[in-house]
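Chain by chain, the residues run as shown.
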Amino acid sequence: GHPAVAHFFEALASSESVHARNFMEQLRRMNVAEGPAPADPSVQTTRKNLRHALESELSEIDTKYPGHIERLRRENQDDALRVAIWAWESEKQHRELISQLEKGTGMLFGVLESRLQSRHLAYVICEVCGSTYIERPQGECPICGSDAASYREVPPPASTMERQPASRQAR
């Protein structure tokens, strides 16, 4: 019932998929076996799911990535370090949008949905590093240096073009 929020998270998921692919490739190169799959997430209301996702994402940006990057530096894992820095830099791009979402998970969730719905029509994701933009960059990717042709658009679902009635706002 919240297509603009869903579209935003679809764009973030597309970026995360690029990171996961890059990390898996690095683990294979290092002959590291895959660990167990994560447990199935619990499904809550849209508002609770947003709060959980936002807390997790901000923790990664502020704590997890810096720790991993420092460890990779100490271990002289240059290829893995490059991929981790790409992921961290693209995660930092999400910070401003995530912070805006975090402010909107309280009483003004409907305002947040409207703001997202009226603000962005598409997101673009670099298929090399996962950087995320609301407008296609000119020239090469600012994070990984790949040609701008490496960007893929994450178009909004058709339903984001229609306004949701107030009765469809977060419960």
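Scroll up for the structure.
Thresholds applied
Residues numbered from 1 in each chain as written. Predicted model: local features only at pLDDT ≥ 70, side-chain atom pairs only at ≥ 80, totals over all residues. Heavy atoms only, no water. Helix = DSSP H or I, 4+ residues; strand = E, 2+ residues; numbered from the N terminus. Buried < 20%, exposed > 50% of the residue type's maximum accessible area, 1.4 Å probe, protein only. Contact = heavy atoms within 4.5 Å. Areas by Shrake-Rupley, 256 points an atom, 1.4 Å probe, with all protein chains shown as cover. Axes fitted to C-alpha atoms, helices over the stretch in contact; angles between N-to-C directions. Left-handed = near helix turned anticlockwise from the far one by under 90°. Nonpolar A, V, L, I, M, F, W, Y, C, P; charged D, E, K, R; others polar. Polar contact = N/O pair within 3.5 Å; in protein donor to acceptor, adjacent residues only side chain to side chain. Expected span 1.5 Å × (residues − 1). Bend = angle between axes of the 7 residues up to and from the residue. Salt bridge = Lys/Arg side-chain N within 4 Å of Asp/Glu carboxyl O. Phe/Tyr/Trp six-rings, centres within 6.5 Å; stacked < 30°, edge-to-face > 60°.

Points about the overall build of the chain
Alright, step 1. Along the backbone of the chain there are 4 helices and 3 strands.
Alright, step 2. When the helices and strands of the chain are read in sequence order from the N terminus, they spell out α-α-α-α-β-β-β.
Alright, step 3. In the chain, which comprises 171 residues, the proportion classed as buried is 37%.
Alright, step 4. Taking the intrachain contacts of the chain between residues at least 6 apart in sequence as the baseline, contacts between residues at least 24 apart amount to 70%.
Alright, step 5. Only carbon and sulfur atoms are counted for the fraction: they give 52% of the accessible area of the chain, which is about 10,200 Å².

Overview of the packing of helix H1 (residues 3-29) against helix H2 (residues 46-74)
Alright, step 1. Interhelical geometry of H1 versus H2 gives an angle of 35° and a closest axis separation of 13 Å. Read as a crossing pair, H1 and H2 show a hand that is left-handed. For the pair formed by H1 and H2, the contact residues are Val 5, Phe 9, Glu 16, His 19 and Phe 23 on the first element and Leu 50, Ala 53, Leu 54, Glu 57 and Tyr 65 on the second.
Alright, step 2. Grouping the constituent residues of the contact of H1 with H2 by class yields 7 nonpolar, 1 polar and 2 charged.

Thoughts on the environment of Tyr 133
Alright, step 1. Structurally, the position occupied by Tyr 133 is in strand S2 (residues 132-133).
Alright, step 2. Put simply, Tyr 133 and Glu 153 are 20 residues apart on the chain and 9.4 Å apart in space, counted from C-alpha to C-alpha.
Alright, step 3. Dropping the residues within four chain positions of it, Tyr 133 is found in contact with Gln 93, Ala 122, Tyr 123, Val 124, Pro 142 and Tyr 151.
Alright, step 4. Within the local environment of Tyr 133, its side chain forms a polar contact with the side chain of Gln 93, the two groups lying 2.9 Å apart.

Re H1
Alright, step 1. Here H1 spans 39 Å end to end across 27 residues, near enough to the 39 Å set by a 1.5 Å rise per residue.
Alright, step 2. Downstream of H1 by one or two residues, Asn 31 has phi in the positive range, about 55°.

Quick word on the side chain of His 94
Alright, step 1. Summarising the element assignment, His 94 is placed in helix H3 (residues 78-103).
Alright, step 2. Using a relative accessible area of 2% as the deciding quantity, one classes His 94 as buried.
Alright, step 3. Reaching out from His 94, the side chain makes a polar contact with the side chain of Thr 132 at a distance of 2.9 Å.
Alright, step 4. For His 94, the residues in contact, after removing those within four places along its chain, are Leu 12, Ser 15, Glu 57 and Thr 132.

Remarks on H2
Alright, step 1. For H2, built from 29 residues, the straight-helix expectation of 42 Å at 1.5 Å per residue is met to within 8% by its first-to-last C-alpha distance of 41 Å.
Alright, step 2. The largest bend in H2 comes to about 45°, at Glu 60.
Alright, step 3. Of all the positions in H2, only Leu 50, Leu 54, Glu 57, Leu 58, Ile 61, Tyr 65, Ile 69 and Leu 72 are classed as buried.
Alright, step 4. Downstream of H2 by one or two residues, Asn 76 has phi in the positive range, about 55°.

Re the pattern of salt bridges
Alright, step 1. One pass over the structure, following the stated rule, counts 6 salt bridges.
Alright, step 2. Of the charged contacts in the structure, one is a salt bridge between Glu 75 and Arg 71, with a shortest N-O distance of 2.8 Å.
Alright, step 3. Residue classification places Glu 75 among the partly exposed positions, given a relative accessible area of 39%.

A short note on the packing of aromatic side chains
Alright, step 1. In this structure the tally under the stated criterion is 3 aromatic pairs.
Alright, step 2. For the ring pair Phe 8 and Phe 9, a centre distance of 5.3 Å and an interplane angle of 85° mean the geometry is edge-to-face.
Alright, step 3. A ring pair is formed by Tyr 133 and Tyr 151, whose centres lie 5.8 Å apart and whose planes are at 65°; its orientation type is edge-to-face. Here the residue Tyr 133 occupies a position in strand S2, and Tyr 151 occupies one in strand S3 (residues 151-154), the gap between them amounting to 18 residues.
Alright, step 4. Given the relative accessible area of 6%, Tyr 151 is considered buried.

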